[in-house]
Amino acid sequence: MAILVKQQGALLIVMLNLFLVFTGIGLVIPIMPSFMNELGVSGSLMGLMIAVFSLVQFLFSPLAGRLSDTMGRKRMIVAGMLVFAVSEGLFGIAHSPTLMFASRALGGLSAAMIMPAVMAYAADITTDEERAAGMGYVNASITTGFIIGPGIGGYLAEFGIRMPFYAAGVGGVVAAVVTLLFLKESLPAKGAGAPQAETAEPHSGLLIQMRHSYRAPYFLSLVIVFVMSFGLANFETIYSLFVDHKFGFGPKDIAFVITFGSIAGAVVQLTIFGRLLNRFGEKPIIAACLFASGVFVLLMLFVHQFWTIFAVTFAVFLAIDILRPTIGTQMSKLAKDQQGYVAGLNSAFTSLGNIVGPIVAGVLFDVEINAPYTLAAVVLLICFAVSMRGAGAEGEGGGASIRND
């Protein structure tokens, strides 16, 4: 079921774009303690700064998903990468919280434009049999960028605390040019007689879309997307502050742990993820990853040595790296001819988790250093229980009705 070489080339280009965007999200994490000292801000304010990125992404993702269905995937990706480049450059020159918030808002807009278009692009160029492998490739770039971003930020910060953002801005421009020149549009042209029924629901507003999503066959997947994003954002937002305050880690220590802790997950996604999914199916893998991530987040409260901290971090990221594309694959199979719309909802629920997670984590960190991870572990384990109940209900007869929707 190998993806065709021509398709792999297109996937590599869109993967580059997503990698850069989600690297930009994580760049700030290892240098958060330095920014807190420089600007004299609290953990709560830093959590809000990270959350504003996802708030804007949340508000614009459904609209961007619809636009990718009408204007084309390529245009949205190129425009989004240019906005991303501007946002990173602005953060590099920012010396006040106001400019930092503005930069992160622009970054959220860029992610909203790019992520649904790329997910839909991957669905456009793959068959049902290739879908798991294609989503594995795409999500490898998302999770690797999101997780490895702090590592890159930590290393580049050795040349200056603002150097990571200048580098990301240049990378965004380069990616936009490469996409413009070499990526072919994947969205088939629609005739004037295209059915209207399939686009009626996607043209509703954000709140209406989310309100009606509970009736969709992929609603449980959207709930898991939210919880997963909440848990990971909670875990990663506070990670640098947690290990800095509790263990005295510096930017390079944080960079090392997060960078190498993410490698295994990316390797799994790029190599054996498709085979795992075809062998075991989406639901067992989702349940196992939720359980593992919850347990290992909780273990962060009890480890003290460098290598045990490394091992626990490694396990958390590996579970999330497998979980994210599994959910994406499940939803893409149910989306049928609304790939952009469903990808937009996926992005919106991801953003919602990324909004709530950092805010809650920042507030709890100011109250008690261990509180954010305690909450994240509890939420992930509750979602594991919900996923098991959902799988059981479907096994008793709900699955047939879902597949016939």
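Residues numbered from 1 in each chain as written. Predicted model: local features only at pLDDT ≥ 70, side-chain atom pairs only at ≥ 80, totals over all residues. Heavy atoms only, no water.

Let's talk about the overall build of the protein
Inference 1: Helix and strand content of the protein: 16 helices and 0 strands.
Inference 2: Relative to its full complement of 405 residues, the protein shows a buried share of 56%.
Inference 3: In the protein, 86% of the contacts between residues at least 6 apart in sequence involve partners at least 24 apart.
Inference 4: When the accessible area of the protein is evaluated, it comes to approximately 15700 Å², of which 70% is carbon and sulfur surface. (Helix = DSSP H or I, 4+ residues; strand = E, 2+ residues; numbered from the N terminus. Buried < 20%, exposed > 50% of the residue type's maximum accessible area, 1.4 Å probe, protein only. Contact = heavy atoms within 4.5 Å. Areas by Shrake-Rupley, 256 points an atom, 1.4 Å probe, with all protein chains shown as cover.)

Side note on the environment of Val 21
Inference 1: Inspection of the secondary structure puts Val 21 in helix α1 (residues 5–26).
Inference 2: Through-space distance from the C-alpha of Val 21 to that of Gly 172 is 7.9 Å; in sequence the pair is 151 residues apart.
Inference 3: Setting aside residues up to four positions removed in sequence, Val 21 forms contacts with Met 81, Phe 84, Ala 111 and Ile 114.

With respect to the nonpolar core
Inference 1: Ranked by internal contacts, the top residues of the largest apolar core, which has 98 residues, are Met 81, Tyr 239, Met 300 and Leu 323.
Inference 2: Looking at which element gives the most residues to this core, the answer is helix α10 (residues 219–247), with 12 residues.
Inference 3: Dropping the residues within four chain positions of it, Met 81 is found in contact with Asn 17, Leu 20, Val 21, Ile 114, Gly 172, Ala 175 and Ala 176. (Core = buried A, V, L, I, M, F, W, Y, C linked by side-chain atoms within 4.5 Å.)

Brief notes about the packing of helix α12 (residues 273–280) against helix α13 (residues 282–299)
Inference 1: One can describe the packing of α12 onto α13 by two numbers: an axis separation of 7 Å at closest approach and a directional angle of 110°. Taken together, the axes of α12 and α13 lie roughly perpendicular to each other. Contacts from Leu 276, Leu 277 and Phe 280 in α12 reach Glu 282, Pro 284 and Ile 285 in α13.
Inference 2: Residue classes in the contact of α12 with α13 are distributed as 5 nonpolar, no polar and 1 charged. (Axes fitted to C-alpha atoms, helices over the stretch in contact; angles between N-to-C directions. Parallel < 35°, antiparallel > 145°, perpendicular 65-115°, else oblique. Nonpolar A, V, L, I, M, F, W, Y, C, P; charged D, E, K, R; others polar.)

Let's talk about the environment of Gly 107
Inference 1: Structurally, Gly 107 is set in helix α5 (residues 97–124).
Inference 2: Between the C-alpha atoms of Gly 107 and Val 52, which are 55 residues apart in sequence, the distance is 9.3 Å.
Inference 3: The residues touching Gly 107, leaving out its near neighbours within four places in the chain, are Phe 53 and Ser 87.

Brief notes about the side chain of Thr 313
Inference 1: With respect to the secondary-structure elements, Thr 313 resides in helix α14 (residues 306–335).
Inference 2: In this structure, Thr 313 is in contact with Phe 235, Tyr 239, Val 257 and Met 300, ignoring residues within four places of it in sequence.

Points about the side chain of Ser 103
Inference 1: Inspection of the secondary structure puts Ser 103 in helix α5.
Inference 2: Ignoring sequence-local partners within four residues, the contact set of Ser 103 consists of Ser 87, Leu 90 and Phe 91.

Overview of the packing of aromatic side chains
Inference 1: In this structure the tally under the stated criterion is 10 aromatic pairs.
Inference 2: With a centroid separation of 5.6 Å and an interplanar angle of 35°, the aromatic rings of Phe 249 and Phe 306 are classed as tilted. Here Phe 306 lies in helix α14 and Phe 249 lies in the loop between α10 and α11 (251–271), a separation of 57 residues in the sequence.
Inference 3: Centroid distance Phe 310 to Phe 314: 6.3 Å. Interplanar angle 25°. Geometry classified as stacked. Taken together, the residues Phe 310 and Phe 314, both in helix α14 and 4 residues apart, mark about one turn of the helix.
Inference 4: Given the relative accessible area of 15%, Phe 310 is considered buried.
Inference 5: A residue is classified by how much of its surface remains accessible, and Phe 314, at 28% relative accessible area, is partly exposed. (Phe/Tyr/Trp six-rings, centres within 6.5 Å; stacked < 30°, edge-to-face > 60°.)

Describing the packing of helix α4 (residues 73–93) against α5
Inference 1: The N-to-C vectors of α4 and α5 enclose an angle of 155°; their axes lie 8 Å apart at closest approach. Here α4 is positioned roughly antiparallel relative to α5, judged by the angle of their axes. Of the two possible hands of crossing, α4 and α5 adopt the one that is left-handed.
Inference 2: Among the residues forming the contact of α4 with α5, the class breakdown is 20 nonpolar, 5 polar and 3 charged. (Left-handed = near helix turned anticlockwise from the far one by under 90°.)

Let's talk about the confidence of the model for the protein
Inference 1: This prediction gives the protein a mean pLDDT of 77; 81% of its residues lie at or above 70.
Inference 2: Looking at the elements of the protein, mean pLDDT is at its lowest for helix α8 (residues 197–200), recorded as 39, and at its highest for α4, recorded as 90.
Inference 3: With pLDDT under 50 throughout, residues 190–203 is counted as low confidence; its partners more than four residues away or in other chains account for 11 contacts.
Inference 4: Predicted confidence for residues 393–405 stays below pLDDT 50, and this span has 9 contacts to residues more than four positions away or in other chains. (pLDDT = per-residue confidence, 0-100.)

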